[in-house]
Amino acid sequence: MYGNETGMDGDVTDDEVTSPGRAGTDGAARTDGGTHARTATTAGTSDGFGEPVLKVRDLRTRFFTEEGQVNAVEGVSFDVREGEVFGIVGESGSGKSVTALSLIDLVDSPGRVTGGEVWYRDAELAGETADSRPGAVDGDYVDLRQVSEGVRRSLRGPAFSMIFQDPMTSMNPSLTVGEQIAEAVEVQRRARANPRRTRSRTQGYGLGQFFVDSLLPTREYTSEGSEARAIELLEQVGIPDPAERADQYPHQFSGGMLQRAMIAQALAGEPDVLVADEPTTALDVTIQAQILNLLRDLQEEQDTSVVMITHDLGVIARMCNRVGVMYAGEIVERGTLADVFEEPVHPYTQGLLGSIPDLEDPAPRLQPIEGNVPSLIDSEMGDRCYFADRCPKAMDDCLTRIPEYEVTGADRPAGVPHQVRCVLAEREYDPARALSADYFGPDSAREPAAADGGGAGEDARGSGRGRSRGATPDRGAGAGDGHGDDGEVRTDE
Amino acid sequence: MISPRTLRNLRRELSGSLLAKLGIAIVVFVILMAVFAPFIAPYPPGSQNLEEARTPPLGFTTTETREVQVIENGSVVIENGEIQTENRTVYNNATAAHPLGTDGNGRDILSRVIYGARTSILVGVFGTALAALVGVTVGLTAGYYRGRIDDGLMRAADVMLAFPSLVLAIALVGVWGQAQLRLPDPFVLLGLAAGWRDALGFPEGAMPETVVLPGTVILVVALVNWVWFARVARGEALSIRGEEYVKAARAVGASDARVIGRHVLPNAITPIIVLGTIQVAAIILLESALSFLGFSGANVSWGFDIALGRQYQSTSWWISTIPGLAIVVTVIGLNLIGDWLRDALDPGIEGEGGV
Amino acid sequence: MSDATDGDPLVGVRDLQKYYYEQDTLVDRLLGRERRAVKAVDGVSFDIQRGETLGLVGESGCGKSTTGETLLRLREATGGRVEFDGRPVFGMDDGELREFRRRAQIVFQDPYSSLDPRMTVGDVVTEPLKVHDLPADPGDASKRQRRRERARELLERVGLSAGQVDRYPHEFSGGQRQRIGIARALALEPEFVLLDEPVSALDVSVQAQILNLLEDLQAELGLTYLFIAHDLSVVRHICDRVAVMYLGEIVETGPTDELFEDPQHPYTRALLESVPRAKVAEHGRRVEALSGDVPSPRDPPSGCRFRTRCPQVIPPGHLRLDQREYRAVMDLRDRLERGEVSVAGVRETAGIDPDAGRGATVDALHDELVGIDLSGEDATVVEDALGAVVDGRQDEAIEDLRERYESVCETTSPVLQDRDRPAACHLYEQPVDASDAASDGATADAEAD
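Residues numbered from 1 in each chain as written. Chains lettered and ligands numbered in written order. Predicted model: local features only at pLDDT ≥ 70, side-chain atom pairs only at ≥ 80, totals over all residues. Heavy atoms only, no water.

### Side note on the overall build of chain A
Counting its secondary structure elements, chain A contains 14 helices and 13 strands. Counting all 493 residues of chain A, 56% fall into the buried class. Looking at chain A alone, contacts between residues at least 24 apart form 69% of all its contacts between residues at least 6 apart. Carbon and sulfur atoms make up 48% of the accessible area of chain A, which amounts to about 19300 Å² in all. (Helix = DSSP H or I, 4+ residues; strand = E, 2+ residues; numbered from the N terminus. Buried < 20%, exposed > 50% of the residue type's maximum accessible area, 1.4 Å probe, protein only. Contact = heavy atoms within 4.5 Å. Areas by Shrake-Rupley, 256 points an atom, 1.4 Å probe, with all protein chains shown as cover.)

### Here we look at the overall build of chain C
Counting its regular elements, chain C contains 16 helices and ten strands. For chain C, the spread of C-alpha atoms along the three principal axes comes to 95 × 55 × 45 Å. Taking all 449 residues of chain C together, the buried fraction comes to 58%. Looking at chain C alone, contacts between residues at least 24 apart form 67% of all its contacts between residues at least 6 apart.

### Focus on the packing of helix 4 (residues 109-145) of chain B against helix 5 (residues 147-162) of chain B
All names here are of chain B. Remark: helix 4 packs on helix 5, axes separated minimally by 7 Å, with the N-to-C direction vectors making an angle of 145 degrees. Of the two possible hands of crossing, helix 4 and helix 5 adopt the one that is left-handed. Between helix 4 and helix 5, the residues in contact are V138, T141, A142 and Y145 and G147, I149, D150, L153 and M154, respectively. Partitioning the contact of helix 4 with helix 5 into residue classes produces six nonpolar, two polar and one charged. (Axes fitted to C-alpha atoms, helices over the stretch in contact; angles between N-to-C directions. Left-handed = near helix turned anticlockwise from the far one by under 90°. Nonpolar A, V, L, I, M, F, W, Y, C, P; charged D, E, K, R; others polar.)

### Some remarks on a negative patch on the surface
Residues and elements named next belong to chain C. On the surface, D363, D367, D373, E383, D384, D400 and E403 cluster together into a negatively charged patch. Among the elements of the structure, helix 13 (358-370), helix 14 (376-390) and helix 15 (394-405) are those that each provide at least two residues to the negative patch. Here D367 shows up in helix 13. Judged by its relative accessible area of 55%, D367 is exposed. (Patch = residues over 30% accessible without salt bridge, like charges linked within 9 Å, V, L, I, M, F, W, Y side chains within 5 Å. Salt bridge = Lys/Arg side-chain N within 4 Å of Asp/Glu carboxyl O. Lys, Arg positive; Asp, Glu negative; His and termini not counted. Charge placed at Lys NZ, Arg CZ, Asp CG, Glu CD.)

### Things to note about the interface of chain A and chain C
Taken together, the contacts link 74 residues of chain A with 77 residues of chain C. Around 6300 Å² of area is buried between chain A and chain C when both sides are counted, 48% of it from carbon and sulfur atoms. At the surface where chain A touches chain C, the tally comes to eight salt bridges. E360 of chain A is the salt-bridge partner of K279 of chain C, the closest N and O atoms lying 3.5 Å from each other. The interface formed by chain A and chain C holds 26 residue pairs in polar contact (both at pLDDT 80 or more) in total. Only helix 8 (224-236), helix 9 (242-245), helix 11 (285-302), helix 12 (313-319) and helix 13 (337-342) of chain A provide two or more residues apiece to the side of chain A that touches chain C. No other element matches the nine residues that helix 11 of chain A contributes to the side of chain A that touches chain C. (Buried area = accessible area lost by both parts, 1.4 Å probe. Polar contact = N/O pair within 3.5 Å; in protein donor to acceptor, adjacent residues only side chain to side chain.)

### Here's the deal with the side chain of R118 of chain C
In this structure, R118 of chain C sits in the loop between strand 6 (104-107) and helix 4 (121-131). Polar side-chain contacts of R118 of chain C include one of 3.3 Å to the side chain of T270 of chain B.

### Looking at the domain arrangement of chain A
Residues and elements named next belong to chain A. When cut into domains, chain A gives domain 1 (1-107 + 271-493) and domain 2 (171-270). For the pair domain 1 and domain 2, the summed buried area comes to about 1100 Å², and 67% of that belongs to carbon and sulfur atoms. On the domain 1 side of the interface with domain 2, the three residues burying the most area are P271, L294 and L298, jointly 42% of the side's total. At the junction of domain 1 with domain 2, the criterion picks out zero salt bridges. Where domain 1 meets domain 2, there are two residue pairs in polar contact (both at pLDDT 80 or more). Tallied by class, residues from the side of domain 1 that touches domain 2 come to nine nonpolar, two polar and two charged. (Domains from an automatic or database assignment.)

### Things to note about the environment of V280 of chain B
All names here are of chain B. Its location among the elements puts V280 in helix 11 (residues 256-292). Among the residues examined, V280 registers a relative accessible area of 15% and is labelled buried. The spacing of V280 and A268 is twelve residues in sequence and 19 Å in space, taken between C-alpha atoms. Residue contacts for V280: discarding those within four places in its chain leaves G124, T128 and L334.

### Describing the sheet that holds strand 4 (residues 111-121) of chain A
Residues and elements named next belong to chain A. On the basis of which strands lie adjacent, the open sheet formed by five strands has the order 2-1-4-6-5 and antiparallel pairing. The strands lining the two open edges of the sheet, one partner per strand, are strand 2 (68-81) and strand 5 (137-138). Relative to strand 6 (residues 141-143), strand 5 runs antiparallel, the two being bridged by two bridges. Its bridge partner lying in strand 6, V137 is registered against V142. Taken strand by strand, helix 1 (residues 96-103) contacts strand 1 (52-65), strand 2 and strand 4, and its axis lies near 115 degrees from that of strand 1. (Pairing = 2+ DSSP bridges.)

### Things to note about the packing of aromatic side chains
Residues and elements named next belong to chain A. Enumeration according to the criterion identifies 18 aromatic pairs over all chains in this entry. Ring geometry for Y348 versus F387: centroids 5.4 Å apart, planes at 65 degrees, classification edge-to-face. Of the two residues, Y348 is situated in helix 14 (residues 347-354) and F387 in the loop between helix 14 and strand 12 (405-407); the sequence distance between them amounts to 39 residues. Of the residues examined, Y348 reaches a relative accessible area of 1% and is grouped as buried. F387 gets classed as buried once you look at its relative accessible area, which sits at 2%. (Phe/Tyr/Trp six-rings, centres within 6.5 Å; stacked < 30°, edge-to-face > 60°.)

### Side note on the pairing of strand 10 (residues 249-255) of chain C
Residue and element names in this part refer to chain C. With respect to burial, strand 10 is a largely interior element, five of its seven residues being buried. Sheet analysis places strand 9 (residues 241-246) next to strand 10, joined by six bridges and oriented antiparallel. What sits directly across from A243, in strand 10, is T253. Count of turn residues in the strand 9/strand 10 antiparallel hairpin: two residues, of which L247 carries a positive phi of about 50 degrees.

### Digging into the confidence of the model for chain A
Per-residue confidence for chain A gives a mean pLDDT of 77, with 76% of residues at or over 70. Below a pLDDT of 50 lies the segment residues 198-202 of chain A, which in the model reaches 14 contacts outside its immediate sequence neighbourhood of four places, other chains included. (pLDDT = per-residue confidence, 0-100.)

### A closer look at the confidence of the model for chain C
Mean pLDDT over chain C: 87, with 94% of residues reaching 70 or higher. As a predicted assembly, this complex carries a pTM of 0.81 together with an ipTM value of 0.86.

### Structural notes on the environment of P158 of chain A
Residues and elements named next belong to chain A. Structurally, P158 is set in the loop between helix 3 (149-155) and strand 7 (160-163). Once the C-alpha coordinates of P158 and R189 are considered, the two residues, 31 residues apart in sequence, prove to be 9.2 Å apart. If near-sequence neighbours (up to four positions away) are discounted, P158 is found in contact with Q188, A191, G269, E270, P271 and D272.

### Quick word on the sheet that holds strand 9 of chain C
Residue and element names in this part refer to chain C. Across the sheet, six strands lie side by side as 6-7-8-3-9-10; this open sheet has mixed pairing. Unpaired on one side and paired on the other, strand 6 and strand 10 mark the two borders of the sheet. Each adjacent strand pair in this sheet contributes to an overall mean axis angle of 15 degrees, direction not counted. The sheet contacts of helix 7 (residues 204-221) involve strand 3 (53-57), strand 7 (192-196) and strand 8 (224-229), and relative to strand 8 the element is tilted by about 160 degrees.

### Details of the pattern of salt bridges
Pairs can form between side chains of opposite charge once their charged atoms are near each other. All names here are of chain A. Going through the model one piece at a time under the given rule, you end up with 78 salt bridges over all chains. In this structure, E82 and R121 form a salt bridge, with 2.8 Å as the shortest nitrogen-oxygen distance. Here the residue E82 occupies a position in the loop between strand 2 and strand 3 (85-89), and R121 occupies one in strand 4, the gap between them amounting to 39 residues. When the shortest N-O distance is used, the salt bridge between E270 and R229 registers 4.0 Å. Of the two residues, E270 sits in the loop between helix 10 (255-267) and strand 8 (273-277) while R229 sits in helix 8, which places them 41 residues apart along the sequence.

### Some words on unusual backbone geometry
Residues and elements named next belong to chain C. Of note, the bond from L134 into P135 is cis; its omega dihedral lies within 30 degrees of zero at -5 degrees. Of note, P135 is situated in the loop between helix 4 and helix 5 (143-157). Even without a glycine there, the phi angle at D85 is positive, about 55 degrees. Residue position: D85 is located in the loop between strand 4 (79-84) and strand 5 (87-88).

### Quick word on a nonpolar patch on the surface
All names here are of chain A. The grouping of L207, F210, F211, V212, L215 and L216 at the surface amounts to a nonpolar patch, some 610 Å² of accessible area in total. Looking at where F211 falls in the secondary structure, it is placed in helix 7 (residues 207-215). Residue F211 is classed as partly exposed on the basis of its relative accessible area, which comes to 49%.

### Focus on the pairing of strand 7 of chain A
For a regular strand, side-chain orientation follows a simple rule: the groups alternate between the two sheet faces. Residues and elements named next belong to chain A. Residues F160 and M162 of strand 7 are buried on one face, and the alternating residues S161 and I163, pointing to the opposite face, are buried as well. Relative to strand 8, strand 7 runs parallel, the two being bridged by four bridges. Its bridge partner lying in strand 8, M162 is registered against V275.

See below:
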C-alpha cells in the first residue's frame, strides 16, 4: 500500500537504505542532493490523521562562528500531518530549538539555513509560484526555501506561528498585551484582504510609514475590529476579565497568564502550523498542566498542526502523536509514541528513558548515559555515528555515517513508519564486533555492553543491568562543551 | 586573575585593530620619554637664553619688530646720556639647536615637552591610582552591604559630583598650597645621563636633579575623580553579590572582607580597568587645566607652558601649540587603549551562549 | 561532641519564619507608610534524622529555597528556632558559627554561577580549607601542598579526573560544574548537606549521573541531606521522606512512597496529578488542572492558603452544593473581596451597551464571574449579590455572600497534626486549639544578628 515511491511519511534522505522487510521495493536512493516530496497516493494513514501539511527534507543549518562552523541541524527530515502534534525531543545541544527557528526562517547570523527543503501545502500559493519558480512547486506543495523572503514573511501569522519558552521576554514590555495581540490580528486581516500585495511587497513597516504614523496621531495600525478580536482571543485562552487585561502590560501578568496571552497572539492568525518551543519549561508544574490542557483543547478545536519542542518526555507523552528524538543535530529515532516509549531501538533513546526517574514506579538505580553532549563544531565531528562515543553498543559498523533504517513490526499502524538512525534496526548487537572501551580515547566514558540488552521489543527501563559503579566517571572534560549548555537555567524562587 | 582566555581576547582585539596598536605606541612613547628625560632632552628645561628667545621650530621663519640697541663700530651709541635704540625688523630663523623652537624666555621647547611628560604621567598615574583606591573601596562596600551604608556613601558621592571639578580643584589647591614632593633622579645623580649626553653632543647644562611630584595636585585630582570609580565599582558589586559563588563563599564561612576581596573585586575588575585608562586621560587634562591657570606645583608642565605662550599667540604660535599637541596626542593614545581594552574585555563573561 | 543523643534528629526546625519587609526605607517611614511583610516562610517545622534524605518540594514562590538558606543562616530568620545536633543555630557566636559551617554545607542550583569564574577549579574546591585554615597540621608538606592533594582527591571522588585541577570553570560542562560544586561542599567533611535544586538546571541524562553520585556519596560518607526540588520524579527517587510546601507553609509530610501513593492533602494530590508521566498511557489521561495562579505572598488568603484553588474546599454544612458550584461561588467571592471586579470591564467584554438594563448587566456578570448555572436559593442569593454589585454596593454583596457561604477553610488555618501522616487540611481531624486566621503565630526566639 505504501512503499518507497510515495515517500510520504517516510522521511527520505540522500542515503536511505531500506531494510529488507519493506514491502517489495528497491530502495532507490536519491542522487541529486535533494528529494522530492511525492504527492500522496494514499488518502491518509491508519491512525486517523490527514495529509502532511508540512514536509521537511534534509534541513541543514550552520552557524559560522570564530571557533569554527557549528552544524546545528544536520539533515533533519520529518512530516507533520494535518491536525497532529509532532514532538521533537532532545537535550541541550541537540539542535531542536534551531530546527524550530529554521522552519520559520528566524535563524539569525552567524547562523544560516544552508540546505534542505521545507514543503508547505498551500494550493493557492503553489498556483501563484508555479509560473515564476517551477522548481519550487510540487503539486500543492511549495518549497519555502526557494521562494522570496517577502513571501516567507507573509506566511508568518497566517500559516506558521511560534510560541517561545519565556513569555516575559517574548513580549514587548512597553506595549499593552492587547495591543500586541491586536497587531497580530491586524497582520492577518490585511494578509487576507490583499494576499497578492502582501506577498510580493516587502510588507515592510518602513521608516516612511513610521513617520507618517507618528505625525498623524489618528492613524493607528490596528483597527477597532482587531482590538475586539484580541479581547475575544484572550477570553478563548482562559484569561478572566479579558477586556481589562488587554489594557495591562506584560509585567502585570503572571507567567502562566502571559503564556496564555502568547498563545492567543500565536493563534490570532489562525495558523496551519504552530511551532511551540519549550512552551511550558519556565512554568510551575500545576500551571504547566493548565497550559497543556489549553493547548490540547485549542489544537483539537482548530485542527491546528503543532510542532512541539521540549526536553521533557512527560510533556511529549501527554501532547504528541508522533515523536522525533534529536541528538547532535540529527533525528536519531522517529515514530509513534508507542514506538519511541515502548520499543525504542536507538541506544540514545533507550538511555534517555532509562535515566528518567519514574514518578509512579521508582527504580532503585538510574541508568544514566555516560559522557557529555558532543561538540557540534564541524571539524570536531567525526565521520561516524555521532553517538558512538557514548554508546554501550557501538560496533565496527558504526564508524561510518549511518542512514535511516526502518523498523518493522507486527502491530504497527500502517503509513506511520518507525525509523531509526542506527544499525541495530536490522542487525543484532554482536559483542565480538563491539568497539573497545577506550576506542575513543582514554577519557571516553563508554562501557561496552556484554550482551545484547537492546534492540526492538525490549523494555528500556528497569532492565536492571546494574553495571554502574561508585562515582559515575565523567572524563570528557576539556571539550568545553562546544555550544551546548547542559540544560536550561531555571530561575526559581 | 588574568585568565588565559582574557589574554587571548586582548591579543585578538589588538591584532585586528590598527588604532589599538597606535594607542599603545603613543602611550609607550610618552612613558619612555618621561622616564628617560635626562637622556634625551637637549637642554635643561629651565635654562633661559634671551638671545634665542622666540625661535621658531624647524621649517619656519618669523619676523618681528624689536627694539634693538644701535651698534656702530662694535659699540653702543650713546647720545644725550641714553643708549640709543631703534625699531628694526628682525628675522628669527629656526636652528637645529632648538628643533621645536624656544619660548618667550629662550627656553627650549623640546626639552620642556620632554620634561613636561613627567608631570603628566606622574599626576595621571598616581592621581588615578589614588582615585581608584578610594573609589573602588567605597563602591564595593556600598554595593556589597547596601542599605544604610550604601545610602550614606552614595550621598557623599553625589555631593562630590555636585561640585564642578575644576572649581573644586582650584579651591583645594588654594587652601592646601602647592606642596611638592621631590624625589631624586637617579639618572642625573649617578651621572648616567651625563655620559650619554656628551656622546650625543648635547650642550652642557645641569639637568634637574629631582623629579617633582606635585603632591597637592595629585591629591586634588584624586579627590575630584574617585566618584567615577565608586559608581562603577558599586554597580558591579550589586550584580556580583547575587551570584551563587558569593553565596557559596559565605556558606563556607568566609568573612565579608574575604568575600569582597577574593570574589567580588576580581570579578569586578574589568570595567574598572577600562575606566582607569579613561580616567588617566581625564586627569591629565585636569592637571593641564590647573597648570594653565597657575595652580600647578610642578616645575614643568604642558598646561603651564600653554599659559606662558598665550601672550605670543599671534606671533610665536608654537609656544602654546606644541605643548597643546603633546596633550592631545597623549590623551588620544590613552583613549585608544581604553577602547581596545573595552572591546577585548567586554562582555567579559567566560561562557558561551547555546545553539 | 554533640549535645544530643543518637536518637535525636540532626536538624530540628520549629516555626521558622522569614519575612521580607517592603516599604521600609527612610523615605517611606517619613511618609508614614506602614511596612508590608512578604511572608516567604511562615511557620515551618520539621526534623531531619541522621543519614536520611528529606525532600522539600513545592512550586516557585513556596519558600523552599528560602527555608534552606535561612536554616543555614545564609539569611537572617525573622523568627523560629533551628537546632543542629542539639544546639540552637540562631544564637551562635562567631566561633560556634564557624564550627557549624564545617558541619553543614550547601550545593547550589545553578552550575553556571555557583563557581567563581576567576578561580581555578582547584582553588574553588579548596577555598573552604583556606577559610578554616585547614589542614591544621600539614606534617612534612606545606599547607598548600596538602590542599592541592586534597583538591585532586575531591575531584576524583566526584568523578572528575584529578589532572583538571588547574582548569577554569568555563572549560567544563554544566554537569561537571555541578560535580565541582559537590566537591566543594565535601571539602570540609560535613555531616549535613543542603542540596538546593542540585539537578534542576541539568539535562536529563546528566541529572541521572549526578543523582547516582549523590546517592553513592551519602552511602559512603554517611551524609544527611535536605533535598530541595520542584521535580517530583526526582524527589521520589532519592528522598526517604518528603515535606510539601505551599506559600510559605508545609501542608503535608510523610515517607516518600506513602505520600506519593496515597497523598492526603489536596495540594499534594493536585501536584502529583499535574506531573506528566513519560509513558504512552499519559496520552489519553485527562488532567484536572488546578485553576488560577499562586496567590502573592504579600497578601496570602486567610485561613488555609490553598483554599482559593483547592478542588475540595469545604462548604458550610447546611448547603446543598456540589464542589463545582461551590468553587464557582468562592471564586466570585474571592474576586469581589480583592476588588478585581469591574462592571464596566465586564460590559465591554460582553459587548453590552453601557446604558443597557440592569438585568442584562447582571446576566453578563453572572456569565463572566460565575460561569455556571445555580439552582434554588443559591441562584437567588447570588443574583441578588450581583445586583448589588451593579448598583455599586459591593460591600453589601460581599457581606451577604460571606454570611451564607463562609467556609471553615477561610476562617481557620489548618495545622500539621501530631500523627503519622500529618496534613494541614480541614478534611482531616484538626486539633481543637488550631490557631485562628486572625492571629498570626507569635515570633519566638527571633535572633537578629
